[in-house]
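Working through the structure, step by step
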Amino acid sequence: MPGMVQMVDLFVAEQALPPPTGVLAALAENPELLVPVSRFKRRLLDRLKANAKDENRALAVFLALEGMRSLRLSDTDRLAPAEREAVLGFLAMLTAAPG
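Below you will find a few notes about this structure.

1. Some details on the packing of helix α4 (residues 55-73) against helix α5 (residues 81-96)
Close contact between α4 and α5 brings their axes to 10 Å; oriented N to C, the two are set at 155°. Relative to α5, α4 is oriented roughly antiparallel. For the pair α4 and α5, the crossing hand works out as left-handed. Where α4 approaches α5, its residues Arg 57, Val 61, Ala 64, Leu 65 and Met 68 are matched on the opposing element by Val 87, Leu 88, Leu 91, Leu 94 and Thr 95. Split into classes, the residues belonging to the contact of α4 with α5 amount to eight nonpolar, one polar and one charged.

2. Here we look at α5
The terminal C-alpha atoms of α5 lie 22 Å apart, and with 16 residues this matches the ideal 22 Å at 1.5 Å per residue to within 8%. Looking at α5, one finds that the buried residues are Arg 84, Leu 88, Leu 91, Leu 94 and Thr 95. Down the axis of α5, the buried set is contained in an arc of 115°. They therefore lie on one face. Of the exposed residues in α5, the ones pointing more than 90 degrees away from its buried face are Ala 82, Glu 85 and Ala 96. Contacts made by the buried residues of α5 are with α1 (4-14) and α4.

3. Some points on the nonpolar core
Counting 16 residues, the largest nonpolar core has Met 7, Leu 48, Val 61, Phe 62, Leu 65, Leu 88 and Leu 91 as its most contacted members. If you list the elements that add at least two residues to this core, you get α1, α3 (34-51), α4 and α5. If one sorts the elements of this core by residue count, α4 sits on top with five residues. If we skip the residues at most four places from it in the chain, Val 61 touches Met 4, Val 8, Leu 91, Leu 94 and Thr 95.

Definitions and limits used
- Residues numbered from 1 in each chain as written.
- Predicted model: local features only at pLDDT ≥ 70, side-chain atom pairs only at ≥ 80, totals over all residues.
- Heavy atoms only, no water.
- Axes fitted to C-alpha atoms, helices over the stretch in contact; angles between N-to-C directions.
- Helix = DSSP H or I, 4+ residues; strand = E, 2+ residues; numbered from the N terminus.
- Parallel < 35°, antiparallel > 145°, perpendicular 65-115°, else oblique.
- Left-handed = near helix turned anticlockwise from the far one by under 90°.
- Contact = heavy atoms within 4.5 Å.
- Nonpolar A, V, L, I, M, F, W, Y, C, P; charged D, E, K, R; others polar.
- Expected span 1.5 Å × (residues − 1).
- Buried < 20%, exposed > 50% of the residue type's maximum accessible area, 1.4 Å probe, protein only.
- Arc of directions from axis to C-beta.
- Core = buried A, V, L, I, M, F, W, Y, C linked by side-chain atoms within 4.5 Å.

Rendered as structure tokens:
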């Protein structure tokens, strides 16, 4: 079961891949595709919170990563590499800290 550390690690690994193209177009053509994605994300968040010592920390990490994914997906990511690294470093610190 993925935890917060694994979520951050997965996000970092995703950055080496080309951004997904055509996803927004596919969703516009078939909005029903959002239903299973929404369900998956809800279950993932529920598991993260259930396994976290601090639910608010889990929620913050989840939202930060999902926000950065959304920026990349919509091609509106304007974070400088140093900014992205700073956020990822902070998230790594949050996930490693007790509590």
